[in-house]
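Report on the structure
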Amino acid sequence: MELFQLLAEHDHEQLLFCHEPSSGYRGLIAIHNTTLGPALGGTRYWKYASEEEAVIDVLRLAKGMTYKAAVAGLNLGGGKSVIMADGKPVDREAIFRAHGRFVESLKGRYITAEDVGTSPPDMDYIYLETSHVVGLQGRSGDPSPVTAHGVYRGMAASALTKFGDDSLKGKTIAVQGCGHVGYYLCQYLAEEGARLVVADLAAEKVQRVADEFKARAVKPEQIYGVEADIFAPCALGAVVNDTTLAQFKVKVIAGGANNVLAEPRHGDELERKGILYAPDYVINAGGLMNVNGELEGWSADRAHRKAGEIYDTMLKVFELAKEEGLPTYRAADRLAERRIAAVAKLKRTWV
Ligand code: NAD
């Protein structure tokens, strides 16, 4: 593994290898870009097959955060950290306090939060060592209602672009996943009079949405083939792939899940099929806006309003895609890169 080559490949600023022997803590903190502000991104606690896999993952995730924050219009850069689990039980206080000390050593260049495998109590352990952590218990709270609001508005912008009208009334929307984001999204959609078709692996979650919002439930494997206007992935990543592409009977894909495209070429394929894709990190940025609000002292209402701006951002992405003949996922990247480049160029004056 040529580490500096890996950093150079996607222009990462810094990669920190962290080790604390008494707890068995092994962590990596990646900072991709801090042009816009401190690098913010969660801590993932995960069992990796190799150190190389962990390095590649943390670099990829950190870069993703740079783009997400840039498009969302936040004063944040991109970073991420991973803690390598070995499958054995651990003392979480020791592990997360050790991590917190390394986060503190960066003096605010990196701010951490919850991610896969970590929870608010872990963040509280980190907070014992550093204030550069968000997503604490009793602060900005569950981000999923804000995320769902952003997805709902981004979906309306997608409908405007595809159908010439941003109303979702009477539209059939297939929602995959009735968890945190999926549930609140269904609530917004039902209130507007959309027809819902839903699926989840957990029977009780589907039942709740079916009962409360008069949704039609289908089996998890059937959701990709539902004849609908919009498919809203709100469960897993990589749901647009070689297998599902042949099944979709929708005009728009817009949902809360991260990493929706299995590979970039699947975004090109959606374009060829005439399916409008609302890029995942643009439409699901409400969660990041919510934790940003924790840093900035925003009210819950302000975070909610900020997530509503995803409507306009999504329209900008679609316009740029049209102007430049790009697939929408590439247009989103370009919008992020333009903002970073513009801010980087701003002239410094002596004060
Ligand atoms: P969650 O765990 O509450 O809900 C996910 C749901 O998907 C669960 O109910 C699960 O049973 C279901 N599911 C899993 N595999 C499935 C399958 N094959 N078919 C149907 N259902 C399946 O998670 P969440 O917080 O609602 O997040 C959902 C997605 O949105 C994730 O990809 C997450 O990364 C992304 N996201 C969430 C937020 C947030 O604020 N929570 C923010 C940004 C992105």
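Structural data are supplied above this passage.
To keep things clear, this report deals only with the structure shown in the data block. (Residues numbered from 1 in each chain as written. Predicted model: local features only at pLDDT ≥ 70, side-chain atom pairs only at ≥ 80, totals over all residues. Heavy atoms only, no water.)

**A word on the nonpolar core**
To keep things clear, this is the line we draw: Nonpolar core, defined: a set of buried Ala, Val, Leu, Ile, Met, Phe, Trp, Tyr and Cys residues in which side-chain atoms within 4.5 Å join the residues together. For every residue, the accessible area (1.4 Å probe, protein chains only) is compared with the maximum for its type, and the residue is labelled buried under 20%, exposed over 50%, or partly exposed between those bounds. The domain boundaries here were taken from an automatic or database domain assignment. The contact definition used throughout considers only heavy atoms, calling two residues in contact when any of these lie within 4.5 Å.
Core analysis: the biggest nonpolar cluster contains 69 residues, and Met 155, Ile 173, Val 175, Leu 185, Leu 189, Leu 196 and Val 198 have the highest contact counts within it. Residue assignment places this core across two domains, with domain 1 (3-62 + 77-127) and domain 2 (144-285 + 312-336) each supplying three or more. The contact partners of Leu 196, leaving out residues within four places of it in the chain, are Ile 173, Val 175, Cys 186, Leu 189, Ala 190, Phe 213, Ala 215 and Arg 216. Of all hydrophobic cores here, the second largest spans 22 residues; its members include Tyr 224, Val 226, Ala 257 and Tyr 277.

**Some points on the pairing of strand E4 (residues 43-46)**
Sheet faces and side chains relate simply in a regular strand, where the side chains alternate between the two faces. Rules: At least two bridges found by DSSP between two strands are what make those strands a pair. Helix and strand assignments follow DSSP, with helices taken as H or I runs no shorter than four residues and strands as E runs no shorter than two, numbered in order from the N terminus. Consider the strands pointing away from the viewer: the crossover is right-handed when the path from the first strand over the helix to the second runs clockwise.
Sheet topology note: the E4/strand E5 (residues 77-84) ladder contains 4 bridges and is parallel. Pairing of Thr 43 across the sheet is with Ser 81, part of E5. The β-α-β motif built from E4, the intervening helix H2 (residues 51-71) and the parallel element E5 has right-handed crossover chirality.

**So, the site of the ligand**
As a reminder of what qualifies: Any residue with at least one heavy atom within 4 Å of a molecule or strand is counted as near it. Whenever two N or O atoms come within 3.5 Å, that pair is a polar contact, provided that in protein one can donate a hydrogen and the other can accept it, and provided that, for residues adjacent in sequence, both atoms are side-chain atoms. The protein chains shown are the only cover counted for residues, whose accessible areas, like all others here, come from Shrake-Rupley with a 1.4 Å probe. Residue polarity is assigned by list, with Asp, Glu, Lys and Arg as charged and Ala, Val, Leu, Ile, Met, Phe, Trp, Tyr, Cys and Pro as nonpolar; anything else, Gly included, falls into the polar class.
Around the ligand, the structure places 20 residues, and the nearest of them are Thr 147, His 180, Val 181, Asp 200 and Ala 235. At a separation of 2.7 Å, an oxygen atom of the ligand approaches a polar side-chain atom of Thr 147. Taking Ala 235, its main chain carries an N or O atom lying 2.9 Å from an oxygen atom of the ligand. Look at the ligand: alone it shows 820 Å² of surface, and the protein chains cover 75% of it. Sorting the residues of the shell around the ligand by element identifies helix H5 (144-163) and helix H6 (180-192) as the ones contributing at least two each. Within the shell around the ligand, the residues separate by chemical class into 9 nonpolar, 9 polar and 2 charged.

**Concerning the sheet that holds strand E12 (residues 276-277)**
Strand order in this open sheet of 6 strands is E9-E8-E7-E10-E11-E12, and the pairing throughout is parallel. Either end of the sheet is taken by a strand with one partner, and the two such strands are strand E9 (216-217) and E12. Here strand E10 (residues 230-233) runs beside strand E11 (residues 252-253); their pairing, made up of 2 bridges, is parallel. Each residue of the ladder has a partner; that of Ile 230, found in E11, is Val 252.

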